Amino acid sequence: MLTTRTARCKLCLEPDRVGVLRRPGAWSRNPPWLNLDGEKNTCGDVQRAPCSALKKMAGFPGLFPASVLPALLLWVSMWGSPASGFSVMGPAQPIKVPLGADATLPCQLSPEQSAAHMQIRWYRAQLSPAVLVYQNGQEQDGEQMLEYRGRTELAEDSIGRGAVALLIQHVRASDDGQYWCHFNDGHISQEAAVELHVIGLGSAPHVRMMGPEDNGIQVLCSSGGWFPKPRVQWSDMAGGKLLSLSESQSQDGDGLFHVEASLVVKDSSLGNVTCSIQNPVSGQEKASAIFLPEPFFPRTSPWKTALAGTLPVLVLLLIGISYTGWRQHKAKNREVKERKEASHERAKMAKEKEEAYLAKRKLEEDLEQRKALYNKDWKKALIYPDWRKEQFEHVSVSVNHENVHQNNSDFTKETQAVLCNKQGGGNLLKLDQKGFTKGRYYWEVDLEDTDEWTLGIYDEPTEKSELPNDLREMKFNVLEKKGCEYRALTCSCQGISKEESLLIEKCPQKIVIFLDYEDSNISFYNMIDGTHIFSFNQAHISGSVYPYFKLKSMEFSPSA
């Protein structure tokens, strides 16, 4: 493989002019026409920078630090024309050398010419330090890499024809890789690359049996001293390739590879297996074989064969029995759980019933106690109209058809008074008996949502009045509703003797009237919510008392 680099520069040959080698590929950023001296000093068609100018710049450390000066000199050395007087040729193919042998890396100037006066530099990754430096007719040790000292020399036999070769003694694994052959002749610098391949053939593979493994025999192959990393291949007697079970490679301190590969052989008929280790560069390989006697392979006894056939059936049977047992156990647990839950539920229901019974008994006892207290002083109590009814006699009232409008057909005779949706002109209720002259009585009237009504009693003196109309002798104790206003009235045909406005938030739908003749008491209760509405106390009742109800407010006129 041939690789060259070309650069032409004018070096100063006088004592006050300096020439330096350049790093491959490191070209100056300054244009070649730049004259640091301010002059046009030329050599042929190439402009150059006199070394005196460099000296002048070196005299100003503030302008160019000392560490920058070598690079500046390197740039100066690259100014020149791309044309060159020679080229450098290396071998087209890599040089292959066994590990530990001596290597010769050739390099040739073209056209042939003497290279004795040139600077010759062999290097690897960088110009300095170098593998070898030849200048002024001898090798220079100042820039040589430590690992090459005492192991390299330049073959000068044909240097007069421009042929030089780098000799490396006792090649190591670290010597493997690319080298550069660099020539510098004043203003001309050329180089070429040479590839060195170090070939390390390791020891013969050591193959041994490790023992039974996975119904076969495990075989291990190991070898060391290889470079570069080798390839391992198992094969049988027929040359068929076998896959390794595992493979590991490691490097020692000298960079040489040690390899181990294992194989599990299950076929007892193979007989021999071979382990081959090959160098990938040279293609050379070393191989070792091992014979595997058939008796060494694990034998399968008849009972194992029978077990292998029956074991799956036994496993399936065991799984079926286990599953059935698990299902039965689960069902039994579920049944026990359901029984416990049912027992708990029954106990809970019995407890709730007992608690409800005790609560009911307590409520009944409390109710009886409260009722007993109520009965002791029921006259003063203005609550519980249902209990109050027990102290009174229920009377039957019916519709007075004589005072009902002729088109009204909605009334029926019942034990309670019925609301008439049509307004009438007089009392709508009549007793199925004579007026009350003594005792306690109650009756109920359904009002619904009537907008105007008058409800209560009137008493009629037993003795006839001298007035022409008996109505004028009547005295009324009534509740009156007109729109949203309520009032209690004690009145007669002569006028109102007592009037009291009532605050009732919710319109009563059904009212019960209690009459206590001996105590002259008339009480009104809302039967929907059991609240007391109003009571006429000391009403001075005399004569016969009758229920009174009409769908109008009171009118104080002969027609009332």
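Residues numbered from 1 in each chain as written. Predicted model: local features only at pLDDT ≥ 70, side-chain atom pairs only at ≥ 80, totals over all residues. Heavy atoms only, no water.

Draft legend 1. Geometry of the overall build of the protein. Within the protein one finds 4 helices and 33 strands. With 560 residues in all, the protein has 39% of them scored as buried. Residue pairs at least 24 apart in sequence account for 61% of intrachain contacts in the protein once pairs closer than 6 positions are excluded. For the protein, the computed accessible surface area is about 31,900 Å², with 52% contributed by carbon and sulfur atoms. (Helix = DSSP H or I, 4+ residues; strand = E, 2+ residues; numbered from the N terminus. Buried < 20%, exposed > 50% of the residue type's maximum accessible area, 1.4 Å probe, protein only. Contact = heavy atoms within 4.5 Å. Areas by Shrake-Rupley, 256 points an atom, 1.4 Å probe, with all protein chains shown as cover.)

Draft legend 2. Quick peek at a negative patch on the surface. A cluster of acidic residues, Asp102, Glu139, Asp141, Glu153, Glu156 and Asp157, forms a negative patch at the surface. Tracing the chain through its elements places glutamate 139 in strand β9 (residues 138-140). (Patch = residues over 30% accessible without salt bridge, like charges linked within 9 Å, V, L, I, M, F, W, Y side chains within 5 Å. Salt bridge = Lys/Arg side-chain N within 4 Å of Asp/Glu carboxyl O. Lys, Arg positive; Asp, Glu negative; His and termini not counted. Charge placed at Lys NZ, Arg CZ, Asp CG, Glu CD.)

Draft legend 3. Broad picture of the sheet that holds strand β32 (residues 531-536). Reading across the sheet, the 5 strands line up as β22-β25-β30-β31-β32 and stay open at both edges, with mixed pairing between neighbours. Each end of this open sheet is capped by a strand with a single partner; those strands are β22 (393-394) and β32. Bridge analysis of β22 against strand β25 (residues 440-446) gives 2 bridges, and the strand direction is parallel. Across the sheet, histidine 394 pairs through a bridge with tyrosine 442, a residue of β25. (Pairing = 2+ DSSP bridges.)

Draft legend 4. Structural context of the side chain of arginine 124. As for its position among the elements, arginine 124 is in the loop between β7 (119-123) and β8 (132-135). Within the buried core, arginine 124 has no salt-bridge partner, and the shortest N-O distance to an opposite charge, that of aspartate 175, equals 5.1 Å. At 3.4 Å, the side chain of arginine 124 and the backbone oxygen of glutamine 178 are in polar contact. When residues no more than four places from it in sequence are discounted, the contact partners of arginine 124 are Val131, Tyr148, Ser174, Asp175, Asp176, Gly177, Gln178, Tyr179 and Trp180. (Polar contact = N/O pair within 3.5 Å; in protein donor to acceptor, adjacent residues only side chain to side chain.)

Draft legend 5. Main features of the state of the cysteines. Scanning the entire structure with this criterion turns up 2 disulfides. Between cysteine 107 and cysteine 181 runs a disulfide, and the two sulfur atoms are separated by 2.2 Å. With the S-S bond torsion at -100°, the cross-link from cysteine 107 to cysteine 181 turns out left-handed. One end of the pair, cysteine 107, is in strand β6 (residues 103-110); the other, cysteine 181, is in strand β12 (residues 177-185), with 74 residues separating them in the sequence. Each sulfur of the disulfide joining cysteine 221 and cysteine 275 lies 2.0 Å from the other. Sign of the S-S torsion, about -75° for the bond between cysteine 221 and cysteine 275, identifies this disulfide as left-handed. Here cysteine 221, found in strand β15 (residues 216-226), pairs with cysteine 275, found in strand β20 (residues 272-278); they are 54 residues apart in sequence, far enough to count as distant. (Disulfide = S-S within 2.5 Å.)

Draft legend 6. The packing of aromatic side chains, seen in detail. The tally for this structure, following the rule as stated, stands at 17 aromatic pairs. Between tyrosine 458 and phenylalanine 476, the aromatic rings sit 5.7 Å apart at their centres with planes inclined by 40°, giving tilted as the arrangement. Pair noted here: tyrosine 458 is in strand β26 (residues 452-460) and phenylalanine 476 is in strand β27 (residues 475-482), with a separation of 18 residues, a long-range link. Here the aromatic residues Phe392, Tyr442, Phe514 and Tyr525 are joined through ring pairs into a cluster of three or more. (Phe/Tyr/Trp six-rings, centres within 6.5 Å; stacked < 30°, edge-to-face > 60°.)

Draft legend 7. View of a nonpolar patch on the surface. A surface patch of nonpolar side chains, amounting to about 540 Å² of accessible area, comprises Leu307, Leu311, Leu314, Val315, Leu316 and Ile319. Residue class for leucine 314 comes out partly exposed when judged on its relative accessible area of 47%.

Draft legend 8. Expanded view of the pattern of salt bridges. All told, the structure shown has 11 salt bridges when counted by the stated rule. Lysine 266 is the salt-bridge partner of aspartate 214, the closest N and O atoms lying 3.2 Å from each other. Taken as a pair, aspartate 214 in the loop between β14 (206-213) and β15 and lysine 266 in the loop between β19 (257-265) and β20 lie far apart in primary sequence, 52 residues in all. A residue is classified by how much of its surface remains accessible, and aspartate 214, at 47% relative accessible area, is partly exposed.

Draft legend 9. How the structure looks around unusual backbone geometry. Proline 111 follows serine 110 through a cis peptide bond whose omega is -5°. With an omega of 0°, the peptide bond running from serine 128 to proline 129 counts as cis. Summarising the element assignment, proline 129 is placed in the loop between β7 and β8. With a phi angle near 50°, histidine 170 is a residue other than glycine that sits in the positive phi range. Mapped onto the secondary structure, histidine 170 falls in the loop between β11 (163-168) and β12. Although it is not a glycine, serine 520 sits at a positive phi angle of roughly 50°. Summarising the element assignment, serine 520 is placed in the loop between β30 (510-516) and β31 (521-526). Residue serine 520 is classed as buried on the basis of its relative accessible area of 12%.

Draft legend 10. Seen up close, the nonpolar core. Within the largest apolar cluster, 52 residues are counted, with the highest numbers of intra-cluster contacts made by Trp122 and Phe183. Those residues in contact with phenylalanine 183, other than ones at most four positions away along the chain, are Phe86, Val88, Cys107, Leu109, Ala115, Met118, Gln119, Ile120, Val164, Ile188, Ser189 and Gln190. With 40 residues, the next largest nonpolar core counts Ile457, Leu479, Leu515 and Phe534 among its residues. (Core = buried A, V, L, I, M, F, W, Y, C linked by side-chain atoms within 4.5 Å.)

Draft legend 11. Main features of the pairing of strand β16 (residues 231-236). The sheet contact formed by β16 and β20 spans 6 bridges and is antiparallel. Its bridge partner being in β20, valine 232 is matched across the sheet by isoleucine 277. In this sheet, strand β17 (residues 241-242) lies alongside β16 in antiparallel orientation, the contact comprising 2 bridges. Paired with tryptophan 234 across the bridge in β17 is leucine 242.

Any functional reading would require information that these geometric values do not contain.
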